[in-house]
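Chain residues, written in single-letter form:
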Amino acid sequence: MKVTRVGIVGAGQLGRMLALAGYPLGLRCIFLDKSADVPAAQVASILIGQLEDASTLKQLALQSDVITFDWENISAASLEPLAKITAIRPSAAALQVSQDRLLEKELLKRLKIPVVAHAQVDSKEDLTRAVSDIGLPGILKTRRLGYDGKGQRIIRNSSEIADAWRELGSQALIYEKFQVFSREVSLVAARSLSGQQVFYPLAANTHVDGILRYSVAPYINMALARVAKTYMKRVLSVLDYVGILTIEFFIVKGKLVANEMAPRVHNSGHWTIEGCVTSQFENHLRAICGLPLGSTRPLGFAAMVNFLGQMPDRKRLLAIEGLAFHDYGKSPKPWRKLGHCTILSKNEHRLKQALKDALKLIEWK
Ligand code: AMP
């Protein structure tokens, strides 16, 4: 069957960039989200409804040859009835693991992929025990629905346990060692319906307060790239995965330690729009629509900078050579991701200089 209609749950900037990548391929995306005031609704059609509402999801499924996700936290129970109507890619099982930090870490561990020391926390006693077993400092995180540093709290000494429990204790939690690392990198990969796999170069990511500020790619370290690829292949294969999958790693004493994975296109892969032969958005669509995957070859050195909280001066940024500007069409709000820019250069030194110039023009707040 020729797949041309892609239903997307969630209509944020990831969905918007998917829709834009879909047009040249002859694909039409239709979205589901809670309101029309969302980035993807400006570029494609949208159904309005709760993301887990059975009847709206059914409507979406009836209009789609395949369903995929901008927002991956939808429950397996909500997706189950849709599987009879249309294809769901990646699968509900893949989503389920990635929705829960504990299940995710258990899977990675089972696949012999190193993860940060951690413990399940369901009571204050569990937390006290975890702090004593794993040590301080550590981070208490909600197992589900955390992103951009939300639902997380650093515990620096035992006197902070009670406060942390009061703040987050109503949800299922995980306590992780605060990992000292030299760098954070991510690997974005795609697996097609027929099992073809492609891997983007590693990106080096700079986060502050849990939010990605900028990524630089390719991060060149052949040995680490090889190991990351081996780890990624294990996850793609065990989940029989279809689409783009991202794994974020810490580099600890020269070795990779997995932090988390995302069953979707990823912020640290936005640079691939201008920076690679085929973007992560196009490859996700190709994968879920049963098409051959495109080349992930980089076209130069790239840096992607997020716009957080306020849009920068477009005119001044566009004066930087090789810079592409992306405005998601959102209203400003503190720390909200409103857009990004990517700078591409054939020359690494020039890229670094251009990134410095761009950073001077971008204020995060
Ligand atoms: P996460 O939501 O788990 O991806 O966390 C967002 C960011 O917070 C990461 O990219 C790291 O910069 C930081 N972070 C998360 N977990 C840890 C940890 N266990 N140790 C040190 N930093 C962490």
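Values in this document were obtained by computation on a predicted structure and should not be read as measured data.

Enumeration over the complete set of coordinates arrives at twelve salt bridges. For the salt bridge of Arg-264 with Glu-72, the shortest nitrogen-to-oxygen distance reads 2.8 Å. With a gap of 192 residues between them, Arg-264 in the loop between strand 15 (255-262) and helix 9 (272-275) and Glu-72 in the loop between strand 4 (66-69) and helix 3 (76-79) connect regions that are remote in the sequence. You can call Arg-264 buried: its relative accessible area is 17%. Glu-282 is paired through a salt bridge with Arg-286; the nearest N and O atoms lie 2.8 Å apart. Placement of the pair is Glu-282 and Arg-286 together in helix 10 (residues 280-288), with a separation of four residues, close to one helical turn. Both residues of the pair, Glu-282 and Arg-286, count as buried.

Further remarks concern the side chain of Ser-78. Looking at the element boundaries, Ser-78 is found in helix 3. A polar contact of 2.7 Å, which involves the side chain of Ser-78, links it to the side chain of Ser-75. Discounting chain neighbours no more than four positions away, the residues touching Ser-78 are Glu-52 and Leu-57.

This part is about the domain arrangement of the protein chain. Along its sequence, the protein chain is organised into domain 1 (5-88), domain 2 (117-177) and domain 3 (183-361). Computed from C-alpha coordinates alone, the two centres of domain 1 and domain 2 are separated by 34 Å.

Basis of the calculations
- Residues numbered from 1 in each chain as written.
- Predicted model: local features only at pLDDT ≥ 70, side-chain atom pairs only at ≥ 80, totals over all residues.
- Heavy atoms only, no water.
- Salt bridge = Lys/Arg side-chain N within 4 Å of Asp/Glu carboxyl O.
- Helix = DSSP H or I, 4+ residues; strand = E, 2+ residues; numbered from the N terminus.
- Buried < 20%, exposed > 50% of the residue type's maximum accessible area, 1.4 Å probe, protein only.
- Polar contact = N/O pair within 3.5 Å; in protein donor to acceptor, adjacent residues only side chain to side chain.
- Contact = heavy atoms within 4.5 Å.
- Domains from an automatic or database assignment.

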